[in-house]
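The residues making up each chain are set out below.
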Amino acid sequence: MPNTRILGIETSCDETAVAVYDHRQGLLAHVLHSQIDLHAYYGGVVPELASRDHIQRLLPLVREALSQAHTQPAELSAIAYTAGPGLLGALLVGAGVARSLAWGWGLPALAIHHLEGHLLAPLLEPDPPAFPFLCLLVSGGHTLLVDVQALGVYRILGESIDDAAGEAFDKTAKLLGLGYPGGAALAALALQGEPGRFSFPRPMTDRPGLDFSFSGLKTHALTTLRGLAGTDQDRADVAHAFEAAVVDTLCIKTRRALQQIQAQRVVVAGGVGANQRLRQQLAELAHSEGASVHYPRIAFCTDNAAMIALAGCLRLAHGSDPDLSICAQARWDLSSLRV
Amino acid sequence: MSCALKILAIETASEQCSAAVWYDGTLYQQSQLAPREHARLILPMMQAVLDEAGLSLSQLDAIAFGRGPGAFTGVRIAASVAQGSAFAADLPVLAISSLAALAQQGLDQGSRAVFAATDARMQEVYCASFGADAQGLAQPLTEEQVCSPQAVSLPVEPERFSGIGSGFASYPDALRQALGPRLTQYQPNAFAEAACVARLAVRAYHSGQQLPPEQAMPVYLRDHVADPPKRPPLGYR
Ligand SMILES: Nc1ncnc2c1ncn2[C@@H]1O[C@H](COP(=O)(O)OP(=O)(O)O)[C@@H](O)[C@H]1O
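The rules behind each value
Residues numbered from 1 in each chain as written. Chains lettered and ligands numbered in written order. Predicted model: local features only at pLDDT ≥ 70, side-chain atom pairs only at ≥ 80, totals over all residues. Heavy atoms only, no water. Phe/Tyr/Trp six-rings, centres within 6.5 Å; stacked < 30°, edge-to-face > 60°. Helix = DSSP H or I, 4+ residues; strand = E, 2+ residues; numbered from the N terminus. Buried < 20%, exposed > 50% of the residue type's maximum accessible area, 1.4 Å probe, protein only. Lys NZ or Arg CZ within 6 Å of the ring centre and 35° of its normal. Expected span 1.5 Å × (residues − 1). Contact = heavy atoms within 4.5 Å. Buried area = accessible area lost by both parts, 1.4 Å probe. Salt bridge = Lys/Arg side-chain N within 4 Å of Asp/Glu carboxyl O. Polar contact = N/O pair within 3.5 Å; in protein donor to acceptor, adjacent residues only side chain to side chain. Nonpolar A, V, L, I, M, F, W, Y, C, P; charged D, E, K, R; others polar. Disulfide = S-S within 2.5 Å. Pairing = 2+ DSSP bridges. Near = heavy atom within 4 Å. Areas by Shrake-Rupley, 256 points an atom, 1.4 Å probe, with all protein chains shown as cover. Axes fitted to C-alpha atoms, helices over the stretch in contact; angles between N-to-C directions.

## Let's talk about the packing of aromatic side chains
Aromatic rings considered in pairs are described by the distance between their centres and by the relative angle of their planes.
Step number 1: What the rule picks out here adds up to 8 aromatic pairs over all chains.
Step number 2: Here the aromatic rings of Trp 105 of chain A and Phe 87 of chain B are separated by 6.0 Å at their centres, their planes lie at 70°, and the arrangement is edge-to-face. Of the two residues, Trp 105 of chain A sits in helix α3 (residues 88-105) while Phe 87 of chain B sits in helix α2 (residues 72-89), which places them in two different chains. A single burial state applies to Trp 105 of chain A and to Phe 87 of chain B, both of which are buried.
Step number 3: Grouped by ring-pair contacts, the aromatic residues Phe 115, Phe 168 and Tyr 186 of chain B constitute a single cluster.
Step number 4: Lying over the aromatic face of Phe 212 of chain A, Lys 253 of chain A brings its terminal NZ or CZ to 6.0 Å of the ring centre.
Step number 5: Seen from the ring of Tyr 295 of chain A, Arg 279 of chain A lies directly overhead, with NZ or CZ sitting 3.9 Å from the centre.

## Brief notes about helix α1 (residues 38-53) of chain B
Step number 1: Across its 16 residues, α1 of chain B extends 22 Å between first and last C-alpha, which sits within 8% of the 22 Å expected from 1.5 Å per residue.
Step number 2: Along α1 of chain B, the residues classified as buried are His 38, Ala 39, Leu 41, Ile 42, Leu 43, Met 45, Met 46, Val 49, Leu 50 and Ala 53 of chain B.
Step number 3: The secondary structure elements touched by the buried residues of α1 of chain B are α3 of chain A together with β1 (6-11), β2 (16-23), β3 (26-33) and α2 of chain B.
Step number 4: At the C-terminal side of α1 of chain B, Gly 54 of chain B shows a positive phi close to 70°.

## Concerning the interface of chain A and chain B
Step number 1: In this assembly, 33 residues from chain A lie in contact with 40 residues from chain B.
Step number 2: With both chains or domains summed, chain A and chain B bury close to 3100 Å², and 70% of this area falls on carbon and sulfur atoms.
Step number 3: Between chain A and chain B we count 3 salt bridges in total.
Step number 4: Here chain A and chain B share 8 residue pairs in polar contact (both at pLDDT 80 or more) between them.
Step number 5: Residue assignment for the side of chain A that touches chain B shows that the elements contributing at least two residues are α1 (36-40), α2 (47-68) and α3 of chain A.
Step number 6: Across the side of chain A that touches chain B, the residue classes tally to 19 nonpolar, 9 polar and 5 charged.

## Some points on the state of the cysteines
Step number 1: Enumeration according to the criterion identifies 0 disulfides over all chains in this entry.
Step number 2: Sulfur of Cys 327 of chain A: no disulfide; nearest cysteine sulfur belongs to Cys 17 of chain B and is 15 Å away.
Step number 3: Residue classification places Cys 327 of chain A among the partly exposed residues on the basis of a relative accessible area of 26%.

## Let's talk about the pairing of strand β2 (residues 15-22) of chain A
Residue and element names in this part refer to chain A.
Step number 1: Buried residues dominate β2, accounting for 8 of its 8 residues.
Step number 2: Residues Glu 15, Ala 17, Ala 19 and Tyr 21 line one face of β2 and the alternating positions Thr 16, Val 18, Val 20 and Asp 22 line the opposite face, and both faces are buried.
Step number 3: Examined bridge by bridge, strand β1 (residues 5-10) and β2 share 6 bridges and lie antiparallel to one another. Each residue of the ladder has a partner; that of Gly 8, found in β2, is Ala 19.
Step number 4: Hairpin connection, β1 to β2: the antiparallel pair is bridged by 4 residues.
Step number 5: The pairing of β2 with strand β3 (residues 26-34) spans 8 bridges and is classified as antiparallel. Pairing of Asp 22 across the sheet is with Gly 26, part of β3.
Step number 6: If you look at the hairpin formed by β2 and β3, you'll find 3 residues sitting between the two strands.

## Focus on the site of the ligand
Residues and elements named next belong to chain A.
Step number 1: Close to the ligand lie 17 residues; Gly 140, Gly 141, Asp 170, Gly 271 and Asn 275 are nearest.
Step number 2: One of the backbone nitrogen or oxygen atoms of Gly 140 is found 2.8 Å away from an oxygen atom of the ligand.
Step number 3: A distance of 2.8 Å separates an oxygen atom of the ligand from a polar backbone atom of Gly 271.
Step number 4: Its free accessible area being 570 Å², the ligand has 84% of it covered by the protein chains.
Step number 5: Contributing elements (two or more residues each) for the shell around the ligand: α5 (165-175) and α6 (183-190).
Step number 6: Here the shell around the ligand is composed, by residue class, of 6 nonpolar, 9 polar and 2 charged.

## Comments concerning the sheet that holds β3 of chain A
Residue and element names in this part refer to chain A.
Step number 1: Spatially, 5 strands are ordered β3-β2-β1-β4-β5 in an open sheet, and the strand pairing comes out mixed. The sheet is open, and its two borders are formed by β3 and β5 (109-113), each paired with just one other strand. Averaged over all pairs of adjacent strands, the angle between their axes in this sheet comes to 20°, without regard to strand direction.
Step number 2: As paired elements, strand β4 (residues 78-84) and β5 share 5 bridges and run parallel to each other. Bridge pairing in β5 links Tyr 81 to Ala 111.
Step number 3: Contacting β1, β4 and β5, α3 runs over the sheet at an angle of about 160° to β4.
Step number 4: Relative to the sheet, helix α11 (residues 306-316) contacts β1, β2, β3, β4 and β5, its axis offset from that of β1 by approximately 135°.

## Brief notes about the sheet that holds strand β6 (residues 133-138) of chain A
Residue and element names in this part refer to chain A.
Step number 1: If you walk across this open sheet you meet the 5 strands as β8-β7-β6-β9-β10, and the pairing is mixed. Since the sheet does not close on itself, it has two edges, and those belong to β8 (153-159) and β10 (292-294), each with one partner. Averaged over all pairs of adjacent strands, the angle between their axes in this sheet comes to 25°, without regard to strand direction.
Step number 2: Sheet contacts for helix α9 (residues 276-289): β6, β9 (265-269) and β10; angle to β10, the most-contacted strand, approximately 150°.

Following this line, the structure appears as structure tokens:
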């Protein structure tokens, strides 16, 4: 088998990222610029500002990644880029640069599904889980339980019908006067909270099914806060109760999914996977179900290009994009993927 | 003639999507009115014009792109494609005004001076006035700006202008009224084309305006794209 080395590009939201992945040597480079500070002032991602920043950052990052990987263009096998889902204008910058680089270098191009990247991210680690596995994907934009049978064989078992888990964290953090994105700050505040002072609902757990709903928890936090003086202790207690409700809900559904598909491995992807309480409870859950839990390292839980390069590397063996189209779509159903 | 200049140009700032090659004075162009299809069409068009000219990317001297002003997404497609292809082929880029390329069409039809205005949405136009240089190529007489169609004006000279661009399709009355009788005629259904970008790029090339690929940046003119929060968010440092 000839050596496969992939340049990966990711610009679907507020991170500009480039990576080089080699199927024998593994990850050779990954570089990233986060726009968090740019958007923090607005309390959320401003799509047009995101696009404007991507086009300024991307090419210097490509240069940096290639030099970090000691890789000449002639040593590349293909270019993989995130084609969706995400912010259309942001996606188009990465897709436009990536597809044109591939054209100019005479390389195949691969339009990659952003969530497929997240699902496969644990395979970047030294001791990767084997297929099949259950994936709990919990990020700022998505909450999904996916039955991952093999590359390109994904069945969505459940998803959020409203806010994503990370989005609920961020919105509640905002109510608590924490910065944006406030998931991690909320988790830190929750450590000071007194367990049991408030009890939040575990939405949609009292009926069968694997879908989630998190928008009610944010409202619950708001009404709880309204009845309080708003001392530091009050805020910490609300943070604690909120986090406990989200984590319990995620765990209840993950256990159900594990039992339903008889999976032996759980993979956790997405930024909320950094949450310590979630990690602790999932470890206990997996132990009692006789399953193992796998996380990508924190840097690959959130948006990155290493996962896109990896997905491209796995997919290249099955072919590449048939024409010179620059592919970008804001919406793209994960379960429509094939190999 | 190995020193003959060869430039590949693209223009995607409006509904029109086009690519052109300038090869020692000969132009090859592909152009299509294709709203929201630019991402799908532009690279095949670039390949087609290169094939027509019998050139490969590596034989070029530069890549030129319409840098706007225009639709944000369209202008960024041009910039990102120019960046990617120029970086891959180790070529410089030339950033050409999409309004100048549009005005060039008016000059080619015999006008001495052209007021180019494109629809900028939100009840505004992108506009500027252009005259011709000794070669008949568009030369700005004013700064480019984004403003309401009621607020546009012509420079004091020359006396007569023709108008061009989608601004005249969207706001004909307001523009006619603001520009007055010095506007002798206008053409509302014209869009900037890559062939004009290529011709202006030849001049830019000879005056040394080549840029490294990472400096291929759009010109937006409209910089206010998000309202700041009424008060900075709590916890904002
Ligand atoms: N320790 C944590 N606890 C809870 N949520 C967290 C934690 N760390 C990060 N997050 C949340 O993860 C999300 C970011 O994850 P990411 O995968 O980058 O999502 P996206 O790309 O969809 O925005 C944000 O919503 C953030 O608040």
